[in-house]
Amino acid sequence: MTQNNGSEKAPSAAAGGWGALKSVGRQLMGSGKPLSGARTMLKANQPDGFDCPGCAWGDPEHGSSFEFCENGVKAVAWEATRDRVTPAFFAEHSVSELRTWSDYALEKQGRLTHPMRYDADSDRYVEVTWDDAFAGIAARLNALDDPNRAEFYTSGRASNEAAFLYQMFVRLYGTNNFPDCSNMCHEASGVALTEAIGIGKGTVLLEDFEKADAIFVVGQNPGTNHPRMLADLRAATQRGARVVVFNTLKEKGLHRFADPQNKLEMIRGGSEATSTDYYRPRLGGDMAVFRGMAKVVLAAEEAAQATGQPAVLDHAFLSAHTEAFEAYRDAVNATSWDEIEDQSGLSRDQITEAAEIYLASDRVITTWAMGITQHRHSVPMIREIANFMFLRGNVGRPGAGLCPVRGHSNVQGDRTVGINEKAPAALLDAMERELGVAMPRDRGHNVLQAIGAMLSGDARAFIALGGNFARATPDSALIAQAMQNLDLTVNIATKLNHGHLLPGTHSYILPCLGRTEIDKNAAGVRQIVTVEDSMSMVHGSGGINPPAAKTLKSEVQIVAGIARATLGNGTVDWDALAQDNDKIRDLIARVLPIFGDFNAEVRKPRGFHLRNGASEREWNTPAGRATFSADPLPEQTEWQNLRGENRQFVLQTFRSHDQYNTTVYGMDDRYRGVYGERNVVFMHPDDIAALGAEPGDVMDVVGLHEDDVDRIAPGFRLVAYDIPKGCVAGYYPELNVLVPHQVFGDKSFTPASKSVPVTFRPSGTSA
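Small disclaimer: the values here were computed from a predicted structure and weren't measured.

Asks: Outline the layout of surface pockets, listing residues and values.
Replies: For the largest pocket, the calculated volume is near 1,200 Å³. Lining the largest pocket are 38 residues, and of these Thr194, Gly198, Ile199, Gly200 and Pro424 lie nearest its centre. Elements represented by at least two residues in the lining of the largest pocket include exactly α9 (187-197), α20 (411-416) and α21 (425-435). Taken together, the residues that form the lining of the largest pocket break down as 14 nonpolar, 15 polar and nine charged.

Structure representation (structure tokens):
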């Protein structure tokens, strides 16, 4: 074993604070434009500015002039860097060489400036004109014998306008193949909530967090993934609400938060709690936790009935608004406490304690993220959360509700405007009425199905509207090989990433404007775009900085250019739409009347809310009611299968504090005490000892999926951490090589990245 002696320090005492301010300073200085970067941040999430390109946390109705967080600064500084990747850069570096660079090193080179085409003879990208790029892409698409042999990926950073144009182009081209980033994160939330309440979105507004008596935070780490949420959790605890956390790791942001905007607190070095109660279930055990809390609630109802006390359940809500309660009650009663304790990793007393907080609270919000959605049983797990909330009528009233917290800033909006491989018939009907042509009706490919089509050779073309598909997906080593076997790959992007370095026979990189940059049409009119946050609020966003290069086009113009070259201007006047985002919004509103007078509404300060029937207790389910599910607990979670025996563990992948999705801003994770490296695995000290190792030893991580594929992540340092025994954790995308693409959530097809069976071996060995 190899000993590693650097890189680990004491973690921050609290999230935020001076560490956040120092990080902000480093990011602004590192961009090369610190003063303009600071001015730019004052326009982040402001009515007359741009929407942060980071997370999808909502903006307050009465915001301040500092509506941004540390990670927002990282995202903006990363985009607003003075560094450039020009044609000269590609002339100097071959694709084979660049493929050996780290994710961090590639993106740190700066902004892409010119459209580029891959030249196989020189193994380099060479400059191409926009018109030639569009014509070349169109020629390859039109040469396919079936439009279903093309895959059209979408990142959650794409605007509503670009996404709507994209889905219209792809459907007119003839396919519903829309693998998108939602498939890899919150697809389970959409499926489960649609079944339970009739809409695949949350039911709360940001203001509801100010009214809740209790907030249950499940399977998420807002300190890294959506830091502005910390201020709302902190405010809730300060006014006496209970914030109950269920998270496998003890995360700093869910413990304490020092508000960088509180001058007195910063001077004194203080901080405030962001939670009042913290429980750490085993990986995959959250469904058992909520099943156990439901047992406590139902037992309390029986006791109340027996003694003539007031009812515990909201019988009026259950009677008027729900379906299948009796079947659910029977399923809860049939689940033993032994099963619940073994699967959850929590004791009956702990679960009872949490349930009593729920019982003592009139208004409750439950909020969750990918710690819940990336398991095989994620859909029934989220159904169980909804069941639990139904019991006391905690859906569809102020201060209460269901709140999945999305990742990228517009991942929810992209789905709303039609990025959906299984689009609702109503959307397709409306598109046909608007355009006067038939839409394809067959279900298209999600991410994992697109991967399968690439591996089998059925897929021949891949176009990505943003994102880093090759690194975001599971089984990254297999995906890299499959993408290079394609006939066409196209990446619309602001920066270089590994997805661009896996060219097919014909490959293009098309550089686009960033969210912070001014977008003017040919007439010199400044354009705005829109995004939808996790609370269904739609915001306008207009850039304020000059473009990184005069050669850049907006996402809208690029999509329209590909569409015009491929389909012509017959059915749709792509040239007109490319020059006027208002026309696109008018088109969206005609197809999706929920947007109302879109152009007028979005120009209101802080935007407008897309109506959510479930938040008003209107249920678009087959039964016309909120619907309980009676799913049993999974027979065994991955942890129960392995139990840490024979050096076998369950791995979850997650982000470091210096990254957002696959974008790595730096090599530090100060909340977890890791600096200058990313190849680490967090592990209980007893599990490290069980390996015959010590903290700091370097080992290979080996996947255990039995399909004759060797999945090995070599050279990872063991870090002792407060995590349940048998569970380990590490960063993606580095560990995505261990995640089998054929292991996914039932109904959701979301990769099971939070329940990956692995073992360890001394680094450098082959068996």
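Asks: Explain unusual backbone geometry to me, using residue names and the numbers behind them.
Replies: Omega for the bond connecting tyrosine 732 with proline 733 falls within 30 degrees of zero, at 10 degrees, which places this linkage in the cis form. Mapped onto the fold, proline 733 is located in the loop between β29 (727-731) and β30 (756-762). A positive phi angle, close to 70 degrees, is found at alanine 324, a residue other than glycine. Of note, alanine 324 is situated in the loop between β13 (322-323) and α15 (325-334). On the basis of relative accessible area, alanine 324 is assigned to the partly exposed category, the value being 32%. Of note in the backbone geometry, arginine 647 takes a positive phi value of approximately 60 degrees without being a glycine.

Asks: How would you sum up the pattern of salt bridges? Please name residues and give values.
Replies: In the structure shown here, the tally under the stated rule is 37 salt bridges. In this structure, arginine 383 and glutamate 195 form a salt bridge, with 2.8 Å as the shortest nitrogen-oxygen distance. Pair noted here: arginine 383 is in helix α19 (residues 378-390) and glutamate 195 is in helix α9, with a separation of 188 residues, a long-range link. A single network of salt bridges, built from pairs that share partners, joins Asp180, Glu187, Arg415, Glu421 and Lys422.

Asks: For the sheet that holds strand β9 (residues 242-246), give the residues involved together with the corresponding values.
Replies: On the basis of which strands lie adjacent, the open sheet formed by five strands has the order β12-β9-β8-β14-β15 and parallel pairing. Either end of the sheet is taken by a strand with one partner, and the two such strands are β12 (277-279) and β15 (401-404). Each strand of the sheet is rotated relative to its neighbour by a mean of 15 degrees, with strand direction disregarded. For strand β8 (residues 214-218) and β9, the ladder comprises five bridges, and the chain directions are parallel. By the bridge assignment, alanine 214 is partnered in β9 with arginine 242.

Asks: Run through the packing of aromatic side chains, naming residues and quoting values.
Replies: Under the defined criterion, the tally for this structure stands at 34 aromatic pairs. The interplanar angle of 85 degrees and the centroid separation of 6.1 Å between the aromatic rings of phenylalanine 89 and tryptophan 101 together place this pair among those described as edge-to-face. Taken as a pair, phenylalanine 89 in helix α4 (residues 87-92) and tryptophan 101 in the loop between α5 (95-98) and α6 (103-108) lie far apart in primary sequence, twelve residues in all. Here phenylalanine 89 and tryptophan 101 have matching classes, each one buried. A ring pair is formed by phenylalanine 682 and tyrosine 731, whose centres lie 5.8 Å apart and whose planes are at 70 degrees; its orientation type is edge-to-face. With phenylalanine 682 in strand β26 (residues 680-683) and tyrosine 731 in strand β29, this residue pair connects regions lying 49 residues apart in the sequence. Note on accessibility: phenylalanine 682 and tyrosine 731 belong to one class, buried. In this structure, arginine 282 is placed above the aromatic ring of tryptophan 639, and the distance from its NZ or CZ to the ring centre is 3.6 Å. Residue placement shows arginine 672 over the ring face of phenylalanine 654; its charged tip is 3.9 Å from the ring centre.

Asks: Run through α19, naming residues and quoting values.
Replies: Given 3.6 residues to a turn, an α-helix orients residues that are three or four positions apart in the same direction. Along its 13 residues, α19 runs 18 Å from first to last C-alpha, staying within 8% of the 18 Å computed at 1.5 Å per residue. Burial analysis of α19 places 13 of its 13 residues in the buried class, the great majority of the element.

Asks: Explain the pairing of strand β6 (residues 124-127) to me, and be specific about the residues and the numbers.
Replies: Pairing of strand β5 (residues 116-119) with β6, which is carried by four bridges, proceeds in the antiparallel orientation. Among the inter-strand pairings, tyrosine 118 is bridged to a residue of β6, identified as tyrosine 125.

Asks: Residues and numbers for the nonpolar core, please.
Replies: One finds Leu141, Met168, Leu510 and Phe595 to be the most contacted residues of the largest nonpolar core, which totals 60 residues. The biggest single contributor to this core is helix α8 (residues 160-173), with nine residues. Counting residues in hydrophobic clusters, the runner-up holds 56 residues, among them Val312, Tyr328, Met389 and Leu391.

Asks: Mind laying out the packing of helix α13 (residues 286-307) against helix α16 (residues 337-344), listing which residues take part and the relevant values?
Replies: In the contact formed by α13 and α16, the axes pass within 8 Å of each other and the chain directions differ by 145 degrees. As α13 runs across α16, the sense of the crossing is left-handed. Between α13 and α16, the contacting residues are Ala288, Val289, Arg291, Gly292, Lys295 and Val296 on the first element and Trp337, Ile340, Gln343 and Ser344 on the second. For the contact of α13 with α16, the class distribution of residues is five nonpolar, three polar and two charged.

Asks: I'd love a proper account of empty space enclosed by the protein, names of residues and values included.
Replies: Counted according to the given criterion, the structure contains four cavities of 30 Å³ or more. Taken as a whole, the second largest cavity spans an internal volume of roughly 340 Å³. Gly219, Gln220, Asn225, Gly371 and Lys754 are, among the 31 residues lining the second largest cavity, the residues nearest its centre. Secondary structure elements with two or more residues in the lining of the second largest cavity: α18 (370-373) and β23 (648-654).

Asks: Now, about the state of the cysteines: what can you tell me, with residues and values included?
Replies: According to the stated counting rule, one finds zero disulfides in the structure shown. Take cysteine 185: it sits in no disulfide, and the sulfur closest to it among the cysteines is that of cysteine 181, at 5.5 Å.

Asks: For the packing of α8 against helix α25 (residues 555-567), give the residues involved together with the corresponding values.
Replies: At their nearest, the axes of α8 and α25 sit 9 Å apart, and the two run at 15 degrees to each other. Judged on the interaxial angle alone, α25 and α8 are roughly parallel. Taken as a pair, α8 and α25 cross one another with a handedness that is left-handed. On α25, the residues touching Glu161, Ala162, Leu165, Tyr166, Phe169, Leu172 and Tyr173 of α8 are Glu555, Val556, Val559, Ala560, Ile562, Ala563, Thr566 and Leu567. Its residues assigned to classes, the contact of α8 with α25 comprises twelve nonpolar, one polar and two charged.

Asks: Explain the side chain of arginine 291 to me, and be specific about the residues and the numbers.
Replies: Along the chain, arginine 291 turns up in helix α13. The buried category is assigned to arginine 291, whose relative accessible area is 0%. Among the polar contacts listed, one links the side chain of arginine 291 to the side chain of glutamate 384, at a separation of 2.8 Å. Among residues more than four places away in sequence, those in contact with arginine 291 are Tyr328, Ala331, Val332, Thr335, Ile340, Glu384, Asp631, Pro632 and Leu633.

Asks: Residue-level account of α21, with values.
Replies: For α21, every residue scored as buried is listed here: Leu427, Leu428, Ala430, Met431 and Leu435. For α21, the angular spread of buried residues about the axis comes to 160 degrees, placing them on one side. Turned more than 90 degrees away from the buried face of α21 sit Ala426 and Arg433, all of them exposed. Of the surrounding elements, those touching the buried residues of α21 are α8 and α27 (581-591). At the exit of α21 stands glycine 436, carrying a positive phi of roughly 75 degrees.

Asks: Outline the sheet that holds strand β21 (residues 608-609), listing residues and values.
Replies: Across a sheet, strands are paired by hydrogen bonds formed along the backbone, either parallel or antiparallel in direction. Taken together, the three strands give an open sheet; going across it, the order is β19-β20-β21, and neighbouring strands pair in antiparallel fashion. The sheet is open, and its two borders are formed by β19 (529-532) and β21, each paired with just one other strand. Examined bridge by bridge, β19 and strand β20 (residues 537-541) share four bridges and lie antiparallel to one another. Opposite valine 531, over in β20, you have histidine 539 as the bridge partner. Taken strand by strand, α8 contacts β19 and β20, and its axis lies near 90 degrees from that of β19.

Cut-offs used in this document
Residues numbered from 1 in each chain as written. Predicted model: local features only at pLDDT ≥ 70, side-chain atom pairs only at ≥ 80, totals over all residues. Heavy atoms only, no water. 1 Å grid on protein atoms, 1.4 Å probe; cavity = no way out; pocket = protein on both sides within 12 Å on 5 of 7 lines; lining within 4 Å. Points joined across faces, edges and corners; volume = space filled by probe spheres on them. Helix = DSSP H or I, 4+ residues; strand = E, 2+ residues; numbered from the N terminus. Nonpolar A, V, L, I, M, F, W, Y, C, P; charged D, E, K, R; others polar. Buried < 20%, exposed > 50% of the residue type's maximum accessible area, 1.4 Å probe, protein only. Salt bridge = Lys/Arg side-chain N within 4 Å of Asp/Glu carboxyl O. Pairing = 2+ DSSP bridges. Axes fitted to C-alpha atoms, helices over the stretch in contact; angles between N-to-C directions. Phe/Tyr/Trp six-rings, centres within 6.5 Å; stacked < 30°, edge-to-face > 60°. Lys NZ or Arg CZ within 6 Å of the ring centre and 35° of its normal. Expected span 1.5 Å × (residues − 1). Core = buried A, V, L, I, M, F, W, Y, C linked by side-chain atoms within 4.5 Å. Left-handed = near helix turned anticlockwise from the far one by under 90°. Contact = heavy atoms within 4.5 Å. Disulfide = S-S within 2.5 Å. Parallel < 35°, antiparallel > 145°, perpendicular 65-115°, else oblique. Polar contact = N/O pair within 3.5 Å; in protein donor to acceptor, adjacent residues only side chain to side chain. Arc of directions from axis to C-beta.

As far as function goes, none of this settles anything; it's purely spatial.
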